[in-house]
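Examining the three-dimensional arrangement
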Amino acid sequence: MTTAQFQKWHKFLIDFQKKSFKKGDILLFQGEAPRFAYVVSHGIVKAYNINSQGDEQLVHFSTALEVLPLPWVFNKAANALYYYEALTDGSYFCVDKDKYLEFIKGDPDILYSELERTVVNYVGKTMSFNALLYSKAGEKLINTLRYLILSYGNKREDSIEIRLRLTQQDFANLTGLTRETVSIELMKLKKAGIIAYSKQTNYTINVSKMNDLLKEQFVAEVSMQV
């Protein structure tokens, strides 16, 4: 996001009430009728379903200046389609959805940036879905990492940091694998120098080694929209 776009957002949001949530707090329950839209000031929100076995199925992560729940904002759903839970401590603006729609419609630059973000999220979702179609655990995980790189990556000189502080259980919920299987596959990637992580740091991907593994230049060539 450009400095000019950020300033426009700041001017729009400054008069709205702000709420704080702790990690693990629920912003919206599935089926709840929202009273307003949330715009992320800082922090990360995860959207998820709970399946018939009681397992969490991650759907999406929302980061700075993202609006949720988007289907409700655009009048495509009367209620929240998912649970929205704070992945980290954070604060959120409580925004009237009609005023948000007026804001983006009234500024082509902001409207384009919202469209661009929606396209990145759409591509990420298709990649995430495609990752589930692979039969091998390692392939599921690698292709899930591709999705996370595109949607939530910060590009460094020769690596990409995933901005989300994910647990191995989060990876399990994204891939449909068990936490134990995820742990084994992540350790394989770590030993190969493809991924680096610890309890205190985010996941960092070595671009060249990931490309060698994928046998293509996808990660290097994709345009990071962060």
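Attention in this report is confined to the structure presented alongside it. (Residues numbered from 1 in each chain as written. Predicted model: local features only at pLDDT ≥ 70, side-chain atom pairs only at ≥ 80, totals over all residues. Heavy atoms only, no water.)

Description of the overall build of the protein chain
A count of helices and strands for the protein chain gives 9 helices and 12 strands. For 226 residues, the compact-globule estimate of 2.2 N^0.38 gives 17 Å, and the C-alpha radius of gyration of the protein chain, at 18 Å, lies within 12% of that figure. Its C-alpha atoms give the protein chain principal-axis dimensions of roughly 50 × 40 × 30 Å. Here the protein chain, with 226 residues, has 48% of them falling under the buried criterion. Long-range pairs, those at least 24 residues apart, make up 67% of the contacts in the protein chain with a sequence separation of at least 6. Element-wise, carbon and sulfur atoms account for 53% of the exposed surface of the protein chain, whose accessible area totals about 12,000 Å². Of the side chains in the protein chain, 28 bear a positive and 25 a negative charge, and the two mean positions are spaced by 3 Å. (Helix = DSSP H or I, 4+ residues; strand = E, 2+ residues; numbered from the N terminus. Rg over C-alpha atoms; globule rule 2.2 N^0.38 Å. Buried < 20%, exposed > 50% of the residue type's maximum accessible area, 1.4 Å probe, protein only. Contact = heavy atoms within 4.5 Å. Areas by Shrake-Rupley, 256 points an atom, 1.4 Å probe, with all protein chains shown as cover. Lys, Arg positive; Asp, Glu negative; His and termini not counted. Charge placed at Lys NZ, Arg CZ, Asp CG, Glu CD.)

Brief notes about the nonpolar core
Note that soluble globular proteins tend to have their nonpolar side chains buried in a common cluster. Membership of the largest hydrophobic core comes to 35 residues, with the highest contact counts inside it found for Phe61, Leu145, Leu148 and Phe171. In this structure, Leu148 is in contact with Phe61, Gly153, Ile162, Leu164, Leu166, Phe171 and Leu174, ignoring residues within four places of it in sequence. Within the second largest apolar cluster, 17 residues are counted, among which are Leu13, Ala37, Val67 and Ile110. (Core = buried A, V, L, I, M, F, W, Y, C linked by side-chain atoms within 4.5 Å.)

A few points about unusual backbone geometry
Phi is mostly negative for residues that are not glycine, and the peptide bonds are mostly trans. Across the junction of Leu68 and Pro69, the peptide omega takes the value -5°, indicating a cis bond. By secondary structure assignment, the location of Pro69 is in the loop between strand S6 (67-68) and helix H2 (70-73). Positive phi, close to 65°, is recorded for Leu65, a residue that is not glycine. Counting through the fold element by element, Leu65 comes out in the loop between strand S5 (56-62) and S6. Taking relative accessible area as the criterion, Leu65 reaches 9% and is therefore assigned buried.

A few points about a nonpolar patch on the surface
On the surface, a nonpolar cluster with roughly 510 Å² of combined accessible area is contributed by Tyr112, Leu115, Val119, Tyr122 and Val123. Mapped onto the elements of the fold, Val123 is located in helix H4 (residues 108-132). In this structure Val123 comes out as partly exposed when scored by relative accessible area, which is 31%. (Patch = residues over 30% accessible without salt bridge, like charges linked within 9 Å, V, L, I, M, F, W, Y side chains within 5 Å. Salt bridge = Lys/Arg side-chain N within 4 Å of Asp/Glu carboxyl O.)

Some details on the environment of Tyr147
Relative to the helices and strands, Tyr147 is located in helix H5 (residues 137-152). Taking the C-alpha atoms as reference, Tyr147 lies 7.5 Å from Lys125; in sequence the two are 22 residues apart. Those residues in contact with Tyr147 that lie beyond four places of it in its chain are Val59, Phe61, Gly124, Lys125, Met127, Ser128, Tyr152 and Leu174.

Some points on the sheet that holds S5
A sheet is described by the order of its strands in space; here 4 strands give the open sequence S2-S7-S4-S5, paired in antiparallel fashion. In the strand order of this sheet, the two ends are held by strand S2 (26-28) and S5, each with one partner. On average, adjacent strands in this sheet sit at an angle of 35° to one another, irrespective of strand direction. Here 4 bridges tie strand S4 (residues 45-50) to strand S7 (residues 83-86), and the two strands are oriented antiparallel to one another. Pairing of Val45 across the sheet is with Ala86, part of S7. (Pairing = 2+ DSSP bridges. Axes fitted to C-alpha atoms, helices over the stretch in contact; angles between N-to-C directions.)

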